Structures are given as C-alpha cells and as structure tokens.
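# Working through the structure, step by step
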Amino acid sequence: MPRRYKPVQLDAKPVPDDLLQEAAICPQCDSRLTEVLGRMGLRLLFRCARCRARFFRHPKATANARIV
C-alpha cells in the first residue's frame, strides 16, 4: 500500500482584489480552471480545480520593470 504524505503547508500571503481574477494554465493537466490562493513574494500561487495541484507562476515582466 503506498504511503500517503500530508500536504505541504505553503506560507501564502493575501492577494489584492484586482489580482484575484488572474488565471494560469496548470503545468500538470493543462487545465485553465485555476483559482488564486495567495502570493509568495512576487509570485501568485494557484490551485487547479481539476487535479488539485498547487503551483505558482512569476508575474509578467514589463519593459520598464526595474529589479532592485
């Protein structure tokens, strides 16, 4: 019988209301049905509604972005 591990608790911070509508493609099942769970630093944390995978993606870089 395979061993079941507890899911990892990610330290996600709240997301501003304007970013709650962001979407991403799940890297595991290619589904577009994702919801924003929170943010980790500058990365948004998503959860896939189909396979329940948790993943993040980096924010889109802009031409005028400055790295400090």
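This text follows the structure it describes.
Residues numbered from 1 in each chain as written. Predicted model: local features only at pLDDT ≥ 70, side-chain atom pairs only at ≥ 80, totals over all residues. Heavy atoms only, no water.

## Observations concerning the sheet that holds strand β2 (residues 43-48)
Note the following rule: Strand pairing requires that DSSP identify at least two bridges connecting the strands. A helix here means a DSSP run of H or I that spans at least four residues, while a strand means a run of E at least two residues long, and both kinds are numbered starting from the N terminus. Angles run from 0 to 180 degrees between N-to-C directions of axes, and those axes are lines fitted to C-alpha atoms, restricted for helices to the stretch in contact.
Taken in spatial order, the 3 strands line up as β1-β2-β3 in an open sheet, and their pairing is antiparallel. The open sheet is flanked by β1 (34-40) and β3 (54-57), the only strands paired with a single partner. Strand after strand, the sheet turns through a mean of 35° between neighbouring axes, direction not considered. Both β1 and β2 contribute to a ladder of 6 bridges, which runs antiparallel. The residue bridging Arg39 from the neighbouring strand is Leu44, located in β2.

## So, the pairing of β3
As paired strands, β2 and β3 are joined by 4 bridges and run antiparallel to one another. By the bridge assignment, Arg47 is partnered in β3 with Arg54. Hairpin connection, β2 to β3: the antiparallel pair is bridged by 5 residues, and Arg52 has positive phi, about 65°.

## Overview of the side chain of Thr34
The condition that has to hold: In the analysis that follows, any N or O atom pair within 3.5 Å is treated as a polar contact, provided that within protein one partner can donate a hydrogen and the other can accept it, and provided that, for residues neighboring in sequence, both atoms belong to side chains. We call two residues in contact whenever any of their non-hydrogen atoms come within 4.5 Å of each other.
Position of Thr34 among the secondary structure elements: in strand β1. At 3.2 Å, the side chain of Thr34 and the backbone oxygen of Ala24 are in polar contact. Apart from the residues within four sequence positions on either side, Thr34 is in contact with Ala23, Ala24, Cys26, Phe46, Arg47, Cys48 and Phe55.

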